[in-house]
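Here is what each chain is made of, one letter per residue.
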Amino acid sequence: MMGSSTKALKQFLAEHDVMILGIIAAAIAILFPFFFGAPILIVILGSFIWLDRKQFKQTIAELGWVGIFIVYSLIVSAINRNLIGVLATVAVALIALFFVYYRRKLNAELYVLLLKIFCWGSIPLAIMALYQYLNYAYTHGYDMFYIFKYHNIQTRAEATFFNANYYGLYCVFAITIAIYLFKRSNFKHTKLMSLLVFLLNTVSIILTASRWLLPTIVVAIVWLVFFLNRKYALIAMVVSAVGLVLLLFNPEILPRLTTLAYAFEDRFIIWDTGWRIFLTNPLIGRGAMSYVNYYYLFVDEGKMHAHQLLIDTLANFGLYGLMLICVSFSGYLRETLSVINDRTIRSEIGLITSFIVIVLFHGLMDMAIFWLQTGFIFLVVILVPISILRKVAESEI
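Read on for an overview of the structure.

The rules behind each value
- Residues numbered from 1 in each chain as written.
- Predicted model: local features only at pLDDT ≥ 70, side-chain atom pairs only at ≥ 80, totals over all residues.
- Heavy atoms only, no water.
- Helix = DSSP H or I, 4+ residues; strand = E, 2+ residues; numbered from the N terminus.
- Contact = heavy atoms within 4.5 Å.
- Axes fitted to C-alpha atoms, helices over the stretch in contact; angles between N-to-C directions.
- Left-handed = near helix turned anticlockwise from the far one by under 90°.
- Salt bridge = Lys/Arg side-chain N within 4 Å of Asp/Glu carboxyl O.
- Buried < 20%, exposed > 50% of the residue type's maximum accessible area, 1.4 Å probe, protein only.

### Comments concerning the environment of W271
No. 1: For W271, the position within the fold is in helix α14 (residues 260-280).
No. 2: In contact with W271, other than residues within four places in its own chain, are A306, H307, Q308, I311, L364 and M365.

Rendered as structure tokens:
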């Protein structure tokens, strides 16, 4: 029995590309809690490196400027005795290696499959988030509208993510993919699944009670609709504007909007602390995760990061590090911008650029992208060669 199982496994592996199977497994695992998904991702990457052992030096060289930035981050973190920064940089290095293999093996069919995994995988997570919320409300003597009735709520939807803001960003990603799949697919079941994803993740975003997700999802939808169908973009903008005005006059209809002024006051303090950490070493920074290491120099309350993409980047890596990051991604941005008006891949470019816009806009108030799950999904979606996008555009989804 054991011999036949081993033979069947060998035959299966011979008929399938092991790295492609690993990429699919990693995409599924990333939707589970990080303490489950991270070890699986490490095992998968380890198997990739073993399979690639004869040309591993060439793989390292393919990191290019990203590799130089990783070395820079390691040195700066070590100089500042920032152990957390060193460990975080090692994690970034492993992720960067994974995506070298990802881009090598990516094809149109795999890309579409990964989009569906992230999109449709949000359905059980949304159900889980709803269950967690209702369970808390009823076991603590509240009703199902608890989150709308109280300002100081004690539960926020997280599903399998580390906190509500990270999960909320994933919900925005899932909705964006759902809109793309709805527009591109000719299959009824895909359209129905996309609608379900849209509805369930909208509920989840409300249950996260994350204030900045609301304008983020509005910006994401308007941006994507502009690429999918320009004549509907204006309608989306008008509807969004009316909705935001109604919220301004009736903030109590959504969770935590009535405490928006306090939220901004809190953010200003965090941003000021991050900026002051940057000023202690403006050229090279203090290494990754510098906020959690040096907040005590200026305030008593610690945070994981500066809750602002630019400030946190400057505090971590300084002006030199910021320039290295810009150089690292300049080639990718040039390639993407060169085809932004290409009508044959307009929908696909809309999806990719909407993800970038989501991260930049959400990064004005938070750093939810700097997390294994959200960062992994973001990179899977955007790091696709233009040649693959053209094949995706030609295929039936």
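### Concerning the packing of helix α17 (residues 346-362) against helix α18 (residues 372-382)
No. 1: At a minimum axis separation of 9 Å, α17 and α18 run at an interaxial angle of 145°. Regarding α17 and α18, the two cross each other, and that crossing is left-handed. Each of L351, I352, F355, I356 and V359 in α17 lies in contact with α18, whose residues at this interface are I377, F378, V381 and I382.

### Quick notes on the pattern of salt bridges
No. 1: Within the structure shown, the criterion is met by 6 salt bridges.
No. 2: Between R104 and D52 there is a salt bridge whose closest N-O contact spans 3.3 Å. In this pair, R104 sits in helix α6 (residues 83-105) while D52 sits in the loop between α3 (34-51) and α4 (56-61), placing the two residues 52 residues apart along the sequence.
No. 3: We classify D52 as buried; its relative accessible area is 3%.
No. 4: A salt bridge links E348 to R184, with the nearest nitrogen and oxygen atoms 2.8 Å apart. With a gap of 164 residues between them, E348 in helix α17 and R184 in helix α10 (residues 164-184) connect regions that are remote in the sequence. You'll find E348 and R184 in the same group, each marked buried.
No. 5: Taken together, the shared-partner salt bridges connect D52, E62 and R104 into one network.

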